[in-house]
Amino acid sequence: MSLTKADTLTPTIKKKARPLTAPLPKGSTIGILGSGQLGQMLAQAAKKLGYKTHIYSPERDTPAGLVADRETVADYLDLKALAAFAEQVDVVTYEFENVPADTAAYLSSSTTLYPNANVLAIAQDRWTEKTFLQDIGERTAPCAKVDSQDDLERAVRKMGLPAVLKTRRFGYDGKGQIMLRGDSDVEGAFEQLGGVAAILEGFVNFSREISVVAARSAEGEIACFDPAENIHEDHILARSIAPARIPETLLERAKETATNIMIQLQYVGVIGVELFETDAGGLVVNEIAPRVHNSGHWTQDACAASQFEQHIRAICRLPLADPSRHSDAVMVNLIGEAVRPFETATAKSDEFIHLYGKRQARPGRKMGHVNRIYPLGFIARHPDRL
Ligand code: AMP
């Protein structure tokens, strides 16, 4: 069954949305939309804090399903399943940003959804996201809306090349984008991208990609983990180095950016903010992810509380944990067959293995990660010894 406008306006749920006003009592149930490794690690953190979890996703045999207390396998627009889910949970969150707007609206009307539906609407559309960021005073790449090949050619004339053509929606890990280096790349590029709503972004000459994983509670308390430096291979995150090897002033500025974004969005939960350190030494925001983030996995073994615990704390109205590091860290993603040696390895005192329980190690598939821990200050003292 799918949602219609009328369904959305008159949900068949008896429960009425009521914002949480006190810490969620222990033993309550947290609903999580999505069932991948992020949902799995959220469920593990919830359990540690004394909560049950109920996963909702269309997939079977999932990483989150391995550890959740309950699981609903249904389409995100299955109204009956959504209504039953909403009846059984005390707060709802999500592990991915492409939750359909109707689903978010429906759940918001019957239960507490964190982060709020407006955040999702902004993060799902690159154009809305860029204009939001610019409106709140953050620097982004120059960009233009592209709805046709003509729009694209006009934007290229204005912006110049190189530039990146990106779909407005559903892009991830470099999918849904085309790099335009010369005029021959521009020819037919709009059709090549699928003829869908897109944006053209000016190319940012960057020396590093960094990210800030941060949290805001409903009371407005804010806690930023130290920014990490991210190294991609084949458009997929390969390693995160925390702290990023950038000047202290930029580390602080990146945290201020994340703080500004969370305040403006009235955000509740953990957010990932991806930025470029430009060749000129400034910061440009690339995108925001309204959820726990792959580049924040290092917090599991280098901080008192991980990003997952911090997210559960924020959405359950518990005080946020101290985000400071007790160690430096490098997180290495185990992609495809790279997981094999770690399936039977034992942890070392400075190397922690996290496996997601996926059966098939397909190329490009994130199977697990390893956190390597270094003494505090090691990375700044030995930036080339990692
Ligand atoms: P995204 O899907 O927007 O995160 O982009 C994927 C990757 O493409 C980023 O991690 C960057 O390495 C690269 N990229 C995206 N946008 C730009 C840009 N405007 N300028 C330079 N590189 C970019």
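Quick note: structure is the one above.
In this report, the structure presented in the accompanying data block is examined. Every residue gets a number counted from 1 within its own chain, in the order that chain's sequence is written. Where totals are concerned, whole chains, interfaces and linings use all residues; where local detail is concerned, this predicted model gives features only for residues with pLDDT of at least 70, and gives and counts side-chain atom pairs only at 80 or more. To get the side-chain values, take all heavy atoms of the structure and skip hydrogens and water.

What follows deals with the layout of surface pockets. Taken as a whole, the second largest pocket encloses approximately 210 Å³ of empty space. The way it works is a 1 Å grid over only the protein atoms, where trapped points that fit a 1.4 Å probe form a cavity and open points with protein on both sides within 12 Å along at least five of seven lines form a pocket, and then any residue with an atom within 4 Å of a point lines it. Lining of the second largest pocket is provided by Met-41, Gln-44, Ala-45, Lys-48, Thr-299, Gln-300, Cys-303, Ala-304, Ala-305, Ser-306, Phe-308 and Glu-309. Listing elements by their share of the lining of the second largest pocket, those giving two or more residues are helix H2 (37-48), helix H11 (299-302) and helix H12 (307-315). With 4 residues, the single largest contributor to the lining of the second largest pocket is H2. Of the residues contributing to the lining of the second largest pocket, the split by class is 6 nonpolar, 4 polar and 2 charged. Residue contributions to the lining of the second largest pocket reach at least three from each of two domains, namely domain 1 (29-113) and domain 3 (206-381). Grid points are joined across faces, edges and corners, and a volume is the space filled by probe spheres set on the points. For the purposes of this entry, the term helix denotes a DSSP run of H or I that reaches at least four residues, the term strand denotes a run of E that reaches at least two, and both are numbered from the N terminus. Residue type decides the class: Asp, Glu, Lys and Arg count as charged, Ala, Val, Leu, Ile, Met, Phe, Trp, Tyr, Cys and Pro as nonpolar, and the leftover types, Gly among them, as polar. Domain delimitation in this document rests on an assignment produced automatically or drawn from a domain database.

Glycine aside, a negative phi is what most residues show, and trans is what most peptide bonds show. Of note, the amide linkage connecting Tyr-114 to Pro-115 takes the cis form, showing an omega dihedral of -10 degrees. With respect to the secondary-structure elements, Pro-115 resides in the loop between helix H4 (101-110) and helix H5 (117-123). Residue Pro-162 is bonded to the preceding Leu-161 through a cis peptide linkage, with omega at 0 degrees. Structurally, the position occupied by Pro-162 is in the loop between helix H7 (149-159) and strand S6 (163-167). Residue Asp-234 is not a glycine yet carries a positive backbone phi of 50 degrees. Mapped onto the fold, Asp-234 is located in the loop between strand S11 (228-233) and strand S12 (236-242). Phi angles above zero are rare outside glycine, and Gln-266 is one such case at about 50 degrees. Among the structural elements, Gln-266 can be located in the loop between helix H10 (248-265) and strand S13 (269-278).

So, about the site of the ligand. In this text, near means that some heavy atom of the residue lies within 4 Å of the molecule or strand in question. The local shell around the ligand holds 15 residues, among which Lys-166, Glu-201, Gly-202, Val-204 and Glu-209 are the closest. Counted as a polar contact is a pair of N or O atoms within 3.5 Å, where, for protein atoms, one must be capable of donating a hydrogen and the other of accepting one, and residues adjacent in sequence contribute only when both atoms are in side chains. Contact between the ligand and Lys-166: an oxygen atom at 2.8 Å from a side-chain N or O atom of the residue. Measuring from an oxygen atom of the ligand, one finds a side-chain N or O atom of Glu-287 at 3.1 Å. Those elements that provide at least two residues to the shell around the ligand are S6, strand S8 (198-202), strand S9 (206-216), S13 and strand S14 (283-289). Lining the shell around the ligand are residues from two domains, each supplying at least three of them: domain 2 (142-202) and domain 3 (206-381).

Side chains that are three or four residues apart share a direction in an α-helix, a result of its 3.6 residues per turn. Listed in full, the buried residues belonging to H7 are Gln-149, Asp-151, Leu-152, Ala-155 and Val-156. The buried side chains of H7 occupy one side of the element, clustering within an arc of 150 degrees when seen end-on. Turned more than 90 degrees away from the buried face of H7, the exposed residues are Asp-150, Arg-157 and Lys-158. On the buried face of H7, the contacting elements are strand S5 (143-146), S6, strand S7 (177-180), helix H8 (183-186), helix H9 (189-192) and S8. Directly beyond the C-terminal end of H7, a positive phi value near 80 degrees is found at Gly-160. Between buried and exposed lies partly exposed: a residue is buried under 20% and exposed over 50% of the maximum accessible area for its type, with that area taken using a 1.4 Å probe on protein chains only. Working note: the arc is built from the helix axis to C-beta atom directions. Contacts are assigned to residue pairs that have any heavy atoms within 4.5 Å of one another.

Inside soluble globular proteins, nonpolar side chains tend to come together where they are buried. Among the buried residues, those of types Ala, Val, Leu, Ile, Met, Phe, Trp, Tyr and Cys that are joined through side-chain atoms within 4.5 Å form a nonpolar core. Judged by nonpolar contacts, the single largest core of 46 residues is most densely connected at Leu-33 and Ile-261. Ranked by residue count, the leading element in this core is H10, at 7 residues. Taken domain by domain, this core gets at least three of its residues from each of domain 1 (29-113) and domain 3 (206-381). The next biggest cluster of nonpolar side chains, apart from the first, holds 41 residues, and it includes Ala-43, Ala-45, Val-270 and Ile-373.

On to helix H6 (residues 126-135), then. Among the residues of H6, Arg-126, Glu-129, Lys-130, Phe-132 and Leu-133 are the ones counted as buried. Viewed end-on, H6 has its buried residues packed into an arc of 160 degrees, placing them on one side of the element. Two to three positions downstream of the cap, the backbone nitrogen of Trp-127 sits 2.8 Å from a side-chain oxygen, assigning the N-cap of H6 to Asp-125. Looking at the residues trailing H6, positive phi occurs at Gly-137, about 90 degrees.

Side chains that differ in charge, positive against negative, can pair when their charged atoms come close. Put simply, a salt bridge is a Lys or Arg side-chain nitrogen that is within 4 Å of an Asp or Glu carboxyl oxygen. Counted by the stated rule, this structure contains 22 salt bridges. Lys-48 serves as the salt-bridge partner of Glu-309, at 2.7 Å between the closest nitrogen and oxygen. Taken together, the positions of Glu-309 in helix H12 and Lys-48 in helix H2 put the pair 261 residues apart, joining distant regions of the chain. With a relative accessible area of 7%, Glu-309 lands in the buried category. On the basis of relative accessibility, which here comes to 60%, the residue Lys-48 falls in the exposed class. Arg-317 is the partner of Glu-219 in a salt bridge, and the nearest nitrogen-oxygen pair spans 2.7 Å. Taken as a pair, Glu-219 in the loop between S9 and strand S10 (222-224) and Arg-317 in the loop between H12 and strand S15 (328-335) lie far apart in primary sequence, 98 residues in all. Residue Glu-219 is classed as exposed on the basis of its relative accessible area, which comes to 51%. Taken together, the shared-partner salt bridges in this structure form one network comprising Asp-226, Glu-252, Lys-255, Arg-325 and Asp-328.

Burial within S13 is extensive, with 10 of its 10 residues counted as buried. At least two DSSP bridges between two strands are needed for those strands to be called paired. Alignment of S9 against S13, held across 10 bridges, turns out to be antiparallel. Paired with Ile-210 across the bridge in S13 is Leu-275. Inspection of the sheet shows S13 paired to S14 by 6 bridges, in the antiparallel sense. Within S14, the position partnered with Val-273 by the bridge is Ile-288. In this antiparallel pair of consecutive strands, S13 and S14, the connection spans 4 residues, and Gly-281 shows a positive phi of 90 degrees.

From the geometry alone we can't say anything about function, so treat these as descriptive.
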